[in-house]
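Fold and contact review
The lines below spell out each chain.
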Amino acid sequence: HGHRGQGRRHVKTEERSMKRLPLLRPPLCLRPRRNDGSVWNAPRRARASAITSRPLSSSVGAPASSLASLSARCSPHASPSHSFRCGWPRHCPLRGPCGLTAGHCTPSRPSRRLSSSQPEGESGGSPDETPFANLDHRRSDRAGFPEAVFGGKTPSQLRSILQSMTDNVNTRIESAREGGDTTVSEISTAIIATRVDKETYEAVVSEGPLEGGTVEYHETARIISVKADAVDDNRHVIESSSGRPSVVVACAGTTDLPVAEEAALTLSLCGIRVERVYDCGVAGLHRIIGSLPRLRDPAVGCVIVCAGMDGALPSVVGGLVDVPTVACPTSVGYGASFNGVASLLTML
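Residues numbered from 1 in each chain as written. Predicted model: local features only at pLDDT ≥ 70, side-chain atom pairs only at ≥ 80, totals over all residues. Heavy atoms only, no water.

Notes on the overall build of the chain
A count of helices and strands for the chain gives 14 helices and twelve strands. Across the 348 residues of the chain, 39% fall into the buried class. Within the chain, contacts between residues at least 6 apart in sequence are counted, and of these 59% link residues at least 24 apart. Taken as a whole, the chain presents about 19800 Å² of accessible surface, with 52% of it coming from carbon and sulfur. (Helix = DSSP H or I, 4+ residues; strand = E, 2+ residues; numbered from the N terminus. Buried < 20%, exposed > 50% of the residue type's maximum accessible area, 1.4 Å probe, protein only. Contact = heavy atoms within 4.5 Å. Areas by Shrake-Rupley, 256 points an atom, 1.4 Å probe, with all protein chains shown as cover.)

If you want it as structure tokens, here you go:
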């Protein structure tokens, strides 16, 4: 006797635990807003539905017809004729093309902007379309990074695509020069084909040189890069990427170099400064400790760590730096590495 609560009405454990559940309310940045910027205080059921109304991860690459309800996902209370303040000013995949960061939008505007992001030719189709490829030259305008060509194509197809990309970069730079008040980002001038073996590269070169560009092959990274001729002659209209934070690319062993170099070279071709820290695996911990000054440099904004075997290096680096660390498993190893699966599971 004397226990607190003695004699109170008995409540089932399930009911008591249900009463302790917090109300499902989305964070303020995800809750829809009115035109005046105030948060829309919807009924509780509508709030719960707003949490699950998230934009599709592949929205940017999807056709415009599948995005008719995207704005409704951002603000469930909106109607086709109602102008609203977007509830996803930072995370909406259409933030780039719509240009309305935390601004007013209408449900039809995102799909309209996407449908007009690629110029149409005289026949109504894209002028960049070939019998085997429909190139996305405007991807850097939407996503901040240009389209990269995967090397699993025939040499003739690869050469034709690289020629089209080179012509596009030259045209954009010349248009910016003639306009006088426009610039071209350095990232959008990058022309890259990845996962290309040396035999394929030699076959591409044997078909003749590209017009208006210089081809270079990077054997370790298995990348073909093309530098458009208009880049060097019109530096004044190209917006440099030198003001961006630098990136450190580290790898555990020499056998991880192809993966690490692919990442480092891709960034370098886009004008981003890269610092390489190679062969610094945890088997000799002094090697990564000796690289701490470069890892902790104030100019570094991200660290990419490539490792095979048991994939322990990213965890070590992540505990030594205060910037985002991207862990990249490689298929290097023996024993129980399972062709990179062990490294992947360690990083996950």
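Now that the structure has been shown, the text picks up again.
Here's the deal with the pattern of salt bridges
Counted according to the given criterion, the structure contains ten salt bridges. For R139, the salt bridge goes to D136, with nearest N and O atoms at 3.0 Å. For K227, the salt bridge identified is with D232, shortest N-O distance 2.9 Å. By relative accessible area, which is 40% here, K227 ends up partly exposed. (Salt bridge = Lys/Arg side-chain N within 4 Å of Asp/Glu carboxyl O.)

A word on the pairing of strand β7 (residues 223–228)
One face of the sheet, then the other: side chains in a regular strand alternate in exactly this way. Within β7, five of the six residues are buried, which leaves it mostly tucked inside the rest of the structure. Where strand β5 (residues 191–194) meets β7, three bridges bridge the pair, whose relative direction is antiparallel. Within β7, the residue paired with I191 across the bridge is V226. Note: strand β6 (residues 213–218) against β7, six bridges, orientation antiparallel. Pairing of G213 across the sheet is with A228, part of β7. A loop of four residues connects β6 with β7, the two strands running antiparallel in sequence, and R222 in this loop sits at a positive phi of about 55°. (Pairing = 2+ DSSP bridges.)

Things to note about the nonpolar core
Counting residues in hydrophobic clusters, the biggest one holds 25 residues, and the most contacted among them are L158, L162, I173, A193, V196 and I224. Those elements that place two or more of their residues in this core are α7 (155–179), β5, α8 (198–206), β7 and α9 (229–233). No other element matches the seven residues that α7 contributes to this core. Once you skip the residues sitting within four places of it in the chain, I224 turns out to touch L158, L162, I191, I192, A193, V196, Y201, V215, E216 and Y217. (Core = buried A, V, L, I, M, F, W, Y, C linked by side-chain atoms within 4.5 Å.)

What to know about the confidence of the model for the chain
Per-chain confidence: the chain averages 74 in pLDDT, with 62% of residues scoring 70 or above. Counting contacts from residues 93–103, a segment whose pLDDT is below 50, to residues more than four positions away or on other chains yields 23 contacts. (pLDDT = per-residue confidence, 0-100.)

Observations concerning helix α10 (residues 257–269)
Taking 1.5 Å of rise per residue, the 13 residues of α10 would be expected to cover 18 Å, and the 17 Å separating its terminal C-alpha atoms lies within 8% of that figure. Listed in full, the buried residues belonging to α10 are A260, E261, E262, A264, L265, T266 and L267. In this structure, the buried residues of α10 make contact with β5, β6, β7, β9 (246–251), β10 (274–277) and β11 (300–307). Count one or two residues on from α10 and you reach G271, which has phi positive near 85°. (Expected span 1.5 Å × (residues − 1).)

Focus on the side chain of T194
Mapped onto the fold, T194 is located in strand β5. Among all residues touching T194, those that are not within four sequence positions of it are V149, F150, G151, R222, I223 and E262.

Quick look at the state of the cysteines
Tallied over the entire structure, the rule returns zero disulfides. Among the cysteines around C251, which has no disulfide bond, C280 carries the closest sulfur, lying 6.4 Å off. According to the relative accessible area criterion, C251 is buried, its value standing at 0%. Residue C280 is classed as buried on the basis of its relative accessible area, which comes to 1%. (Disulfide = S-S within 2.5 Å.)

Description of unusual backbone geometry
Although it is not a glycine, D279 sits at a positive phi angle of roughly 55°. For D279, the position within the fold is in the loop between β10 and α11 (285–290). A relative accessible area of 36% means that D279 is categorised as partly exposed. Positive phi, close to 55°, is recorded for N339, a residue that is not glycine. With respect to the element layout, N339 can be found in the loop between β12 (325–329) and α14 (341–347). When its relative accessible area of 60% is taken as the criterion, N339 is described as exposed.

Re the packing of aromatic side chains
The full count for this structure, using the stated rule, is one aromatic pair. Pairing Y201 with Y217 gives two aromatic rings, centres 4.7 Å apart and planes at 15°, and the pair type is stacked. Of the two residues, Y201 sits in helix α8 while Y217 sits in strand β6, which places them 16 residues apart along the sequence. Y201 gets classed as buried once you look at its relative accessible area, which sits at 19%. (Phe/Tyr/Trp six-rings, centres within 6.5 Å; stacked < 30°, edge-to-face > 60°.)

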